[in-house]
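What the coordinates show
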Amino acid sequence: MTIPELHQLFLQSSGVSTDTRKIKDTCIFFALKGANFNGNIYADEALKKGASYAIVDEKEYAVSPRCIYVGNALQTLQELATFHRQQLAIPIIALTGSNGKTTTKELINTVLSSTYRTTATVGNLNNHIGVPLTLLSMSSDTEIGIVEMGANHLKEIDFLCSIALPDYGYITNIGKAHLEGFGGLAGVLKGKTELYRHLADRDKTVFLNTEDATLVQQAINMNTYTFGNHTKNDVMVHLKDASPMVTVTYDGLTINSHLIGAYNFTNIAAAITIGKYFKISPESIQKSIESYIPDNNRSQIIKKGTTTIILDAYNANPTSMSAAIKNFNQLSFSKKTAFLGDMFELGTEAPQEHQRITDQLIASDIDQIYLVGTHFYATDNMDDRVKKFSSFEALQNDWNSQMIKEGVLIKGSRGMKLERILDLI
């Protein structure tokens, strides 16, 4: 079956699924394979649950007339997504970066959806499977698509761009994330800016923060639409306050967000910039940003009695961890407590990066410091404020309901699941 023929079946379906637990009537099931699973085994189950067709790539599982055999189910999913994207002929905005991708994507979607019918990446479905699923979730009603792209190796962003064919791109920043896969910070820069090179080859446009000298250098001779603090930019946005919520000024308006930390300023500024590019009024932009409330352990503010908790435990790398500590240290709590968990995917850089964060903590004014995880446990410190635990369970077993007052920061990589600390406080 050709991709155009499969696309016709797709248009008559309720969408696609790769998980038999989420089958919808008349959907098309794609039997994907991984290191520890084989979706082909579940093709018949998917059909019994209501799928119209099952796309399989092992002949022995093509036992029904409604099983469509292909050479590679994942590749077919990706090719179908690209074909569908081409038929839609709508502007696609792609974004990537080391920190803030998902928050920025949510802000952009909130702003653009005030005026347009948008479809954006759900959660962080931003890889070689998530990007095709995002594209296939777009319908003929979609006017603008917003696609988040994640990567931890070179050539991944380039490949995702070849699937989504974006018209616009934005890189949040270049930081110390996925150092193991990229082979160092230079690799991160090369990998993330694959988005720029893809757009340049197709004469497309980059949204650019001109305060980021590294990205400005990478975008030379490209079509750009810029934001920053000086009048030469297409959009001027200024940080007014971040204690703890970020307040910005734009076009004579003061915008009060529900996001904490000065590090979220550029995420907000990018959403404002893209909103202006697509001719959304300043008042609508203001209303949209002020309505956005973060969730899913990202920059959440939680109140427990007299304690204010900054929960930022969705993910962490040295760049975002350092920024969070700097911001927390500047807040006006009379007593500050930090719970920090290990940062993953740093490879050989892990010992020195965790030591660097520990040194930053010791140099801060934070009153109580709890370090959780094997990497932090191995760091050196000579400070009575610091307590180290090899795991969350070790912290939990040692916990004796100490009185935590005023301000608390919780941050760590997703695998640490430090949101569990909420139950201890």
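Residues numbered from 1 in each chain as written. Predicted model: local features only at pLDDT ≥ 70, side-chain atom pairs only at ≥ 80, totals over all residues. Heavy atoms only, no water.

With respect to the overall build of the protein chain
Broken down by element type, the protein chain carries 16 helices and 22 strands. For the protein chain, the C-alpha radius of gyration of 23 Å lies close to 22 Å, the compact-globule estimate for 425 residues. Projected onto its principal axes, the C-alpha positions of the protein chain cover 70 × 55 × 40 Å. Looking at the protein chain as a whole, 54% of its 425 residues qualify as buried. Look at the contacts in the protein chain between residues 6 or more apart in sequence, and 61% of them connect residues 24 or more apart. Of the roughly 18,600 Å² of accessible surface on the protein chain, a fraction of 48% belongs to carbon and sulfur atoms. Mean positive and mean negative side-chain charge positions of the protein chain (39 and 44 charges, respectively) differ by 2 Å. (Helix = DSSP H or I, 4+ residues; strand = E, 2+ residues; numbered from the N terminus. Rg over C-alpha atoms; globule rule 2.2 N^0.38 Å. Buried < 20%, exposed > 50% of the residue type's maximum accessible area, 1.4 Å probe, protein only. Contact = heavy atoms within 4.5 Å. Areas by Shrake-Rupley, 256 points an atom, 1.4 Å probe, with all protein chains shown as cover. Lys, Arg positive; Asp, Glu negative; His and termini not counted. Charge placed at Lys NZ, Arg CZ, Asp CG, Glu CD.)

With respect to the nonpolar core
Counting residues in hydrophobic clusters, the biggest one holds 64 residues, and the most contacted among them are Leu135, Met149 and Leu340. Apart from residues no more than four positions distant in its own chain, methionine 149 is found in contact with Ala94, Leu95, Thr96, Lys101, Asn126, Val131, Ile157, Leu160, Cys161 and Ala164. Core analysis: the next-biggest nonpolar cluster, separate from the first, contains 34 residues, Ile108, Ala120, Ala270 and Ile289 among them. (Core = buried A, V, L, I, M, F, W, Y, C linked by side-chain atoms within 4.5 Å.)

Focus on the sheet that holds strand β2 (residues 28-30)
Read from one edge to the other, the open sheet built from 4 strands follows the order β1-β2-β5-β6, with strand pairing classed as parallel. Each having just a single partner strand, β1 (16-17) and β6 (67-69) make up the two edges of the open sheet. Bridge count between β2 and strand β5 (residues 53-56): 3 bridges; the pairing is parallel. Paired with isoleucine 28 across the bridge in β5 is tyrosine 53. Sitting on the sheet, helix α3 (residues 73-88) is in contact with β1, β2 and β5, with an inclination near 130° to β2. (Pairing = 2+ DSSP bridges. Axes fitted to C-alpha atoms, helices over the stretch in contact; angles between N-to-C directions.)

Structural notes on the packing of α3 against helix α6 (residues 156-164)
Put simply, α3 and α6 touch, their axes get as near as 7 Å, and they point 50° apart. By the angle between their axes, α3 is oblique relative to α6. Residue-level contacts link Gln78, Ala81, Thr82 and Arg85 of α3 to Phe159, Ser162, Ile163 and Ala164 of α6. Partitioning the contact of α3 with α6 into residue classes produces 4 nonpolar, 3 polar and 1 charged. (Parallel < 35°, antiparallel > 145°, perpendicular 65-115°, else oblique. Nonpolar A, V, L, I, M, F, W, Y, C, P; charged D, E, K, R; others polar.)

Concerning the UniProt feature "domain: Mur ligase C-terminal" (unreviewed entry) in the protein chain
UniProt's entry tags residues 298-393 with the feature "domain: Mur ligase C-terminal" (unreviewed entry), counted in the numbering of this structure. Structurally, residues 298-393 comprises 33% helix and 27% strand, and the distance from its first C-alpha atom to its last is 23 Å. (UniProt positions renumbered as here; feature names shortened; annotations may be inferred.)

Observations regarding the UniProt feature "domain: Mur ligase central" (unreviewed entry) in the protein chain
Here, the residues flagged by UniProt with the feature "domain: Mur ligase central" (unreviewed entry) are residues 96-274. End C-alpha to end C-alpha, residues 96-274 measures 15 Å, and it is 36% helix and 25% strand.

Quick notes on the packing of helix α4 (residues 101-112) against helix α11 (residues 265-277)
Interhelical geometry of α4 versus α11 gives an angle of 35° and a closest axis separation of 9 Å. Two packed elements cross with a definite hand, and for α4 against α11 that hand is right-handed. Judged by residue contacts, Thr103, Thr104, Leu107, Ile108, Val111 and Leu112 of α4 engage Asn267, Ile268, Ala270, Ala271, Ile274 and Gly275 from α11. Broken down by class, the residue content of the contact of α4 with α11 amounts to 8 nonpolar, 4 polar and no charged. (Left-handed = near helix turned anticlockwise from the far one by under 90°.)

Comments concerning the sheet that holds strand β9 (residues 144-148)
Within the open sheet, the 7 strands sit side by side as β8-β9-β7-β10-β11-β12-β13. Their pairing is parallel. Both outer strands of the open sheet, β8 (118-120) and β13 (235-236), are each paired with one neighbouring strand and no more. Across 4 bridges, strand β7 (residues 92-96) lies against strand β10 (residues 168-171) in parallel orientation. Across the sheet, alanine 94 pairs through a bridge with glycine 169, a residue of β10. Lying on the sheet, α11 is in contact with β7, β10, β11 (205-209), β12 (223-228) and β13; it crosses β12 at an angle near 130°.

Examining the side chain of serine 17
Tracing the backbone shows serine 17 in strand β1. Overall, serine 17 belongs to the buried group, its relative accessible area being 7%. Polar side-chain contacts of serine 17 include one of 3.0 Å to the backbone oxygen of aspartate 19. (Polar contact = N/O pair within 3.5 Å; in protein donor to acceptor, adjacent residues only side chain to side chain.)

Regarding the pattern of salt bridges
Tallied over the full model, the rule gives 15 salt bridges. Put simply, aspartate 44 and lysine 48 hold a salt bridge, and the shortest N to O gap is 3.1 Å. Taken as a pair, aspartate 44 and lysine 48 lie in helix α2 (residues 43-48) at a separation of 4 residues, close to a single helical turn. Aspartate 44 sits in the partly exposed class, given a relative accessible area of 33%. (Salt bridge = Lys/Arg side-chain N within 4 Å of Asp/Glu carboxyl O.)

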